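# Summary of structural features
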Amino acid sequence: MNKIIPYGKQYIEKSDIAAVTQALKKDKVTTGPYVKKFENKISQFVKSKYSTVCSSGTAALYLAFQSINLKKNDVIIMPCITFVSSYSIAKMFGAKVYLADVDPNNGQMTPNDVIDCCKKYKIKKLKLVVPMYHGGYPVNATNFKKLKKKFNCYIIEDACHAFGSTYKSNNKTFKIGSCKHADISTFSFHPLKSITTGEGGAVTTNSKKIYNKLEIYRSIGIKRSKEHWKYDIIEPSLNFRLSDIQCALGISQLTKINKFIKKREQIAKLYNKFLINNKIEVIKYDKNLKSAYHLYLLKIKNFNLRKKDNFLKFMKKKKIYIQYHYIPIYKFKVFKDKFIGKNAKYFYEHTVSLPIYFELSRKKQKYVINSILSFFRK
Ligand SMILES: Cc1ncc(COP(=O)(O)O)c(C=O)c1O
């Protein structure tokens, strides 16, 4: 192979370019009609009452935390295997963030992990739980709601891997983002995600109260009145807006999401078929769940960080860029977090992410598979 095979990549077609070109010709290139249209399309797709688009998945989490009035010393629990955005933001709000361990099989925090965390740190009052659907499988999406009842807390899903993922509850299928079992869902439209707006994100909810706040906080806390020259500031905030140009791309990409996910499913199936052997373990998920396959996570038996680095180096020489998802939060010195999750450590040491994206041809994927198998034959 003469070109690098990354672990993820966007897919932009002529129709996407045409949609953006159209948007560029309009009078408004930001906060015009495309924003509302994209939000309506997202709500129709996930079946939520409200959607607010914003500048990134990180912005979506920031807005979500702000909308529940997260304050200094409020207690939050999130998994120690997650992308750093949620943790960083919670720290910026001055919240007390506790890291829960994860299921060693799939790297996701379970409701029991949250309960164990509460016992361990003697937490009585819990404001917020932030599940993260690692890779895209929405494991326990239904069960987190039970925590809401037990602790009277908010559930904000970091669903940045799961736009297009579904789960079943009482024989009904729900999309992540429908907020049937959570207060708020947050999404990212970064180029590696199931659809892209370049950079971008969205927050969905069924609460009018939360939605009203999201709309105001997205735009520096400004509340406009009927006269276009008059406005008030409800609360200090930042500019988290997504432009009309990006929304035009998002609308176009959203029309293709089923085809994008289908291709990712086919790629995952092929990995599942060819990669099982006595050194490699394919992660198994409940069949009531469907992933949008942001990532394909593979577990390697008897691995450790040294062997994992050797494997990544070997693959890099073959121009295949495999990734770590994720370095556990407690590893980052800046956070000075002492927590070490036994299962998280195991998951971190044994798991890698393989290339998965629309344009990954069967030929390239076979090359990836054969390269992996050749490493383990050594
Ligand atoms: C789980 C998770 N949360 C949040 C984010 C942040 O999204 P963004 O890069 O759009 O800010 C990401 C991005 O990769 C993510 O994977």
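Residues numbered from 1 in each chain as written. Predicted model: local features only at pLDDT ≥ 70, side-chain atom pairs only at ≥ 80, totals over all residues. Heavy atoms only, no water.

## What to know about the site of the ligand
In the vicinity of the ligand, 14 residues are found, and the nearest of them are Gly 57, Thr 58, His 161, Ser 188 and Lys 193. For the ligand, an oxygen atom lies 2.9 Å from a polar atom in the side chain of His 161. Compared with its free state, where it exposes 380 Å², the ligand has 90% of that area covered by protein. Top element by residues in the shell around the ligand is helix 3 (residues 57–67). It accounts for three residues. Here the shell around the ligand is composed, by residue class, of five nonpolar, seven polar and two charged. (Near = heavy atom within 4 Å. Polar contact = N/O pair within 3.5 Å; in protein donor to acceptor, adjacent residues only side chain to side chain. Areas by Shrake-Rupley, 256 points an atom, 1.4 Å probe, with all protein chains shown as cover. Helix = DSSP H or I, 4+ residues; strand = E, 2+ residues; numbered from the N terminus. Nonpolar A, V, L, I, M, F, W, Y, C, P; charged D, E, K, R; others polar.)

## A look at the side chain of His 134
Along the chain, His 134 falls in the loop between strand 4 (128–129) and helix 6 (144–151). For His 134, the contacting residues outside a window of four places in its chain are Ile 81, Asn 106, Gly 107, Gln 108, His 161, Leu 295, Leu 297, His 325, Tyr 326 and Phe 347. (Contact = heavy atoms within 4.5 Å.)

## A word on the domain arrangement of the chain
We note that the domain assignment places domain 1 (14–254) and domain 2 (257–377) within the chain. Computed over C-alpha atoms, the centres of domain 1 and domain 2 are 25 Å apart. At the junction of the two partners, domain 1 supplies 40 residues and domain 2 supplies 34 residues. Summed over both sides, the interface of domain 1 with domain 2 buries roughly 3300 Å², with 63% coming from carbon and sulfur. Looking at the side of domain 1 facing domain 2, the largest losses of area belong to Pro 104, Asn 105 and Tyr 137, adding up to 19% of the total buried there. Where domain 1 packs against domain 2, one counts zero salt bridges. Counting the contacts that link domain 1 with domain 2 gives 21 residue pairs in polar contact (both at pLDDT 80 or more). Breaking the side of domain 1 that touches domain 2 down by element, the ones donating at least two residues are helix 4 (84–92), strand 3 (96–100), strand 6 (166–169) and helix 8 (244–254). The residue inventory of the side of domain 1 that touches domain 2, partitioned by class, reads 22 nonpolar, 14 polar and four charged. (Domains from an automatic or database assignment. Buried area = accessible area lost by both parts, 1.4 Å probe. Salt bridge = Lys/Arg side-chain N within 4 Å of Asp/Glu carboxyl O.)

## A short note on the sheet that holds strand 12 (residues 280–282)
Across the sheet, three strands lie side by side as 12-13-14; this open sheet has antiparallel pairing. Looking at the sheet topology across the chains shown, the edges are occupied by strand 12 and strand 14 (351–354). Ignoring strand direction, the axes of neighbouring strands in this sheet form an average angle of 40 degrees. Here three bridges tie strand 12 to strand 13 (residues 296–300), and the two strands are oriented antiparallel to one another. The residue bridging Ile 280 from the neighbouring strand is Ile 300, located in strand 13. Along the sheet, helix 9 (residues 257–275) makes contact with strand 12, strand 13 and strand 14, crossing strand 13 at roughly 15 degrees. (Pairing = 2+ DSSP bridges. Axes fitted to C-alpha atoms, helices over the stretch in contact; angles between N-to-C directions.)

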